[in-house]
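Descriptive analysis of the structure
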Amino acid sequence: MRNIPVNLSGYKLTIAEEPEMKMRKDQNGREEVVTDREGIAKFVVSVFAKIKGEKGEEIKVTLDSDPSGAFEDGDRVELINPRVSPYSFKNDRGETVSGVAFAAAGLKPTE
């Protein structure tokens, strides 16, 4: 299963690292821009997610659209169409790595 919708309405989301273009290393070790199937660039933002009375956590979120530089560290935001995708793979050392990847269509400011 991929792109499972999630409800984060009870969480306060604060930008921990400003949005930037998502990059990865190719087979030659050069950095390249991550794009979708149509060739549109992806972006990534780190947000601190906290619910009242609990310890928060920083999560990285892949964005489908350019947030246009309108967001800075410390800004409160809401994720547009948030979703998660579970993953599991074996790394170079043969260890199994598992988790969930967060994604959203975009960001919007909150009060």
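Please read all numbers here as calculations on a predicted model, not as lab measurements.

It is worth spelling out the pairing of strand β5 (residues 43-50) at this point. Most of β5 sits inside the fold, with 6 of its 8 residues counted as buried. Taken together, the 7 bridges between strand β2 (residues 12-21) and β5 define a ladder with antiparallel strand orientation. Bridge pairing in β5 places Lys12 opposite Lys50. The sheet contact formed by β5 and strand β6 (residues 57-63) spans 7 bridges and is antiparallel. If you follow Val44 over to β6, its bridge partner there is Thr62.

For the rest of this paragraph, the subject is a nonpolar patch on the surface. Nonpolar side chains collect at one region of the surface, where Met21, Met23 and Val33 lie side by side and expose about 230 Å² of accessible area between them. Mapped onto the fold, Met23 is located in strand β3 (residues 23-25).

A few words now on a positive patch on the surface. A contiguous patch of positive charge, built from Lys12, Lys50, Lys52 and Arg76, is present on the exposed surface. The residue Arg76 is located in strand β7 (residues 76-80) in this model. Taking relative accessible area as the criterion, Arg76 reaches 36% and is therefore assigned partly exposed.

Let us now look at the environment of Thr110. Within the element layout of this structure, Thr110 appears in the segment after β10 (106-109). Along the sequence, Thr110 and Ile59 sit 51 residues apart, while their C-alpha atoms lie 18 Å from each other.

Tallying each qualifying case throughout the model produces 1 aromatic pair. Ring geometry for Tyr87 and Phe89: centres 6.1 Å apart, planes at 25°, overall stacked. Relative accessible area serves as the criterion here: at 35%, Tyr87 is assigned to the partly exposed category.

All right, on to the side chain of Arg83 then. Checked against the element boundaries, Arg83 lands in strand β8 (residues 83-90). Take Arg83: its relative accessible area is 12%, and that puts it in the buried class. In this structure the side chain of Arg83 is engaged in a polar contact, spanning 3.1 Å, whose partner is the side chain of Asn3. Sequence-distant contacts of Arg83, defined by excluding residues within four places in its chain, comprise Asn3, Ile4, Pro5, Val6, Asp64, Ala101, Phe102, Ala103, Ala104 and Ala105.

What counts, and at which threshold
Residues numbered from 1 in each chain as written. Predicted model: local features only at pLDDT ≥ 70, side-chain atom pairs only at ≥ 80, totals over all residues. Heavy atoms only, no water. Buried < 20%, exposed > 50% of the residue type's maximum accessible area, 1.4 Å probe, protein only. Helix = DSSP H or I, 4+ residues; strand = E, 2+ residues; numbered from the N terminus. Pairing = 2+ DSSP bridges. Patch = residues over 30% accessible without salt bridge, like charges linked within 9 Å, V, L, I, M, F, W, Y side chains within 5 Å. Areas by Shrake-Rupley, 256 points an atom, 1.4 Å probe, with all protein chains shown as cover. Salt bridge = Lys/Arg side-chain N within 4 Å of Asp/Glu carboxyl O. Lys, Arg positive; Asp, Glu negative; His and termini not counted. Charge placed at Lys NZ, Arg CZ, Asp CG, Glu CD. Phe/Tyr/Trp six-rings, centres within 6.5 Å; stacked < 30°, edge-to-face > 60°. Polar contact = N/O pair within 3.5 Å; in protein donor to acceptor, adjacent residues only side chain to side chain. Contact = heavy atoms within 4.5 Å.

Bear in mind that shape data such as this cannot, by itself, settle questions of function.
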